[in-house]
Amino acid sequence: MSSLPTPFLTPKQYLDAERKADSRSEYVDGQMYAMSGASWQHGRITVNVTTQLNDQLADTQCEVRANDQRVRAKPGGPYYYPDVVVVCGKPEFEDAEFDTLLNAKLIVEVLSPSTESYDRGAKFDKYRQMQSLAEYLLISQTRVHIEHYVLSPSGSWRSTERSDPNGVLELSSIGVRLKVADIYNRVRFGAGNP
C-alpha cells in the first residue's frame, strides 16, 4: 500500500471512484491508498501459487483469483486486493457489480519490503474480521520463507513457518497441498535477479 492517502471518503465514494479508475487503490479507515507495482519476483511467486491452486481446485467448488479481486474485510471496509484469494462455494459479493468479494476462505500476500510489517500486522488484523477466512499465507520474495496462519476450531489463529525448499504446506480448509519448491519455482534471490 502506498503511503500517500487521499481525503476522507465514505465506502460508497471509494467504490464509485475505484470502479472508474485506471489503477487500483485500497481503502482503509476512510482513506484511499494507491497501490504500487509489484517486483518481478513478486509476480513470479503470485503466478506460481495461483497456478498450483487453480490446478488442484479444478474439480472442486473452490475458485482462485489473483491480483485484481477486491475483498471487503468487514461492512464499511477496509477493502483490499490480495495477491491471491480463494473462495469456496457460492461467491458472495457486496452488490450487483460482483467485484467485491465478501467470503474469502484463503488469502495469500506476497511480502514486499515496503508492506511486509503492514501485511503481517494491521492488515492481518483486518482480514481476521472476515467470518469466512480460514487460512492466511505470507510469502517472502527475498528468501524461502512462508508463514502459514490457520484458524483453529476454538477461534484462535495458530501459525507455522516453512523455510525448507523441500517442505509442503497443507491447506486443510481447501484440501490442497503446496510444495514450497513449486511456490519458489524460477525465483532467483540476490542481486542478479531476474
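Residues numbered from 1 in each chain as written. Predicted model: local features only at pLDDT ≥ 70, side-chain atom pairs only at ≥ 80, totals over all residues. Heavy atoms only, no water.

Description of the nonpolar core
Of all hydrophobic cores here, the largest spans 24 residues; its most connected members are L53, I174, I183 and Y184. Sorting the residues of this core by element identifies α2 (40-57), β3 (62-66), β6 (84-88), β8 (104-111), β9 (135-140), β12 (168-171), β13 (176-179) and α5 (180-183) as the ones contributing at least two each. The greatest single-element share of this core, amounting to 4 residues, is contributed by α2. When near neighbours in sequence (up to four residues on either side) are disregarded, I183 contacts I45, N48, V49, I139, I146, L169 and L178. Counting 18 residues, the second-largest nonpolar core is a separate cluster that includes V28, V87, A104 and Y149. (Core = buried A, V, L, I, M, F, W, Y, C linked by side-chain atoms within 4.5 Å. Buried < 20%, exposed > 50% of the residue type's maximum accessible area, 1.4 Å probe, protein only. Helix = DSSP H or I, 4+ residues; strand = E, 2+ residues; numbered from the N terminus. Contact = heavy atoms within 4.5 Å.)

What about the environment of G155?
Residue placement: G155 occurs in the loop between β10 (146-151) and β11 (157-162). Note on G155: relative accessible area 48%, which makes it partly exposed. Spatially, the C-alpha atoms of G155 and Q52 are 28 Å apart, while their sequence positions differ by 103 residues.

Comments concerning the layout of surface pockets
Looking at the largest pocket, its volume works out to about 350 Å³. Lining of the largest pocket is provided by 20 residues; of these, M35, S36, H42, D83 and S112 occupy positions nearest its centre. Among the elements of the structure, α2 and β8 are those that each provide at least two residues to the lining of the largest pocket. Residue composition of the lining of the largest pocket, by class: 5 nonpolar, 9 polar and 6 charged. (1 Å grid on protein atoms, 1.4 Å probe; cavity = no way out; pocket = protein on both sides within 12 Å on 5 of 7 lines; lining within 4 Å. Points joined across faces, edges and corners; volume = space filled by probe spheres on them. Nonpolar A, V, L, I, M, F, W, Y, C, P; charged D, E, K, R; others polar.)

Let's talk about the sheet that holds β11
Strand order in the open sheet formed by 6 strands is β3-β6-β8-β9-β10-β11, and the pairing between neighbours is mixed. Two strands bound the open sheet, and with one partner strand each, they are β3 and β11. Strand-to-strand twist of the sheet, defined as the mean angle between neighbouring strand axes without regard to direction, takes the value 15°. (Pairing = 2+ DSSP bridges. Axes fitted to C-alpha atoms, helices over the stretch in contact; angles between N-to-C directions.)

Concerning helix α1 (residues 11-20)
Buried within α1 we find Y14, L15 and E18. Taken down its axis, α1 places every buried residue within 95° of arc, on the same side. Exposed and oriented more than 90 degrees from the buried face of α1 are K12 and K20. Tucked inside the fold, the buried residues of α1 contact β1 (25-28), β2 (31-34), β4 (70-72), β5 (79-80) and β7 (100-101). (Arc of directions from axis to C-beta.)

Observations regarding the pairing of β10
Remark: a regular strand shows side chains that alternate across the two faces of the sheet. Counting buried residues in β10 gives 5 out of 6 residues, a clear majority hidden from the surface. As paired elements, β9 and β10 share 5 bridges and run antiparallel to each other. In the strand pairing of β10, L137 is matched with H148. Turn length for the β10-β11 hairpin, with the two strands adjacent in sequence and antiparallel, is 5 residues, and the turn residue G155 shows positive phi of about 95°.

Considerations on the packing of aromatic side chains
What the rule picks out here adds up to 11 aromatic pairs. Each ring, one from Y184 and one from F189, has its centre 5.8 Å from the other, and the planes form 55°; the classification is tilted. Given a relative accessible area of 34%, F189 falls into the partly exposed group. A network of ring pairs unites the aromatic residues Y80, F124, Y127, Y136, Y149 and W157 as a single cluster. For R24, the ring lying beneath its charged end belongs to Y81, and the centroid distance is 5.0 Å. When the ring centre of F124 is taken as reference, the NZ or CZ atom of R128 above it lies at 4.2 Å. (Phe/Tyr/Trp six-rings, centres within 6.5 Å; stacked < 30°, edge-to-face > 60°. Lys NZ or Arg CZ within 6 Å of the ring centre and 35° of its normal.)

Describing the pattern of salt bridges
If the charged atoms of two oppositely charged side chains come close together, the side chains can form a pair. In total, this model carries 15 salt bridges according to the counting rule given. Put simply, R19 and D99 hold a salt bridge, and the shortest N to O gap is 2.8 Å. One end of the pair, R19, is in helix α1; the other, D99, is in the loop between β6 and β7, with 80 residues separating them in the sequence. Among the charged side chains, a network of salt bridges with common partners joins R19, R70, D95 and D99. (Salt bridge = Lys/Arg side-chain N within 4 Å of Asp/Glu carboxyl O.)

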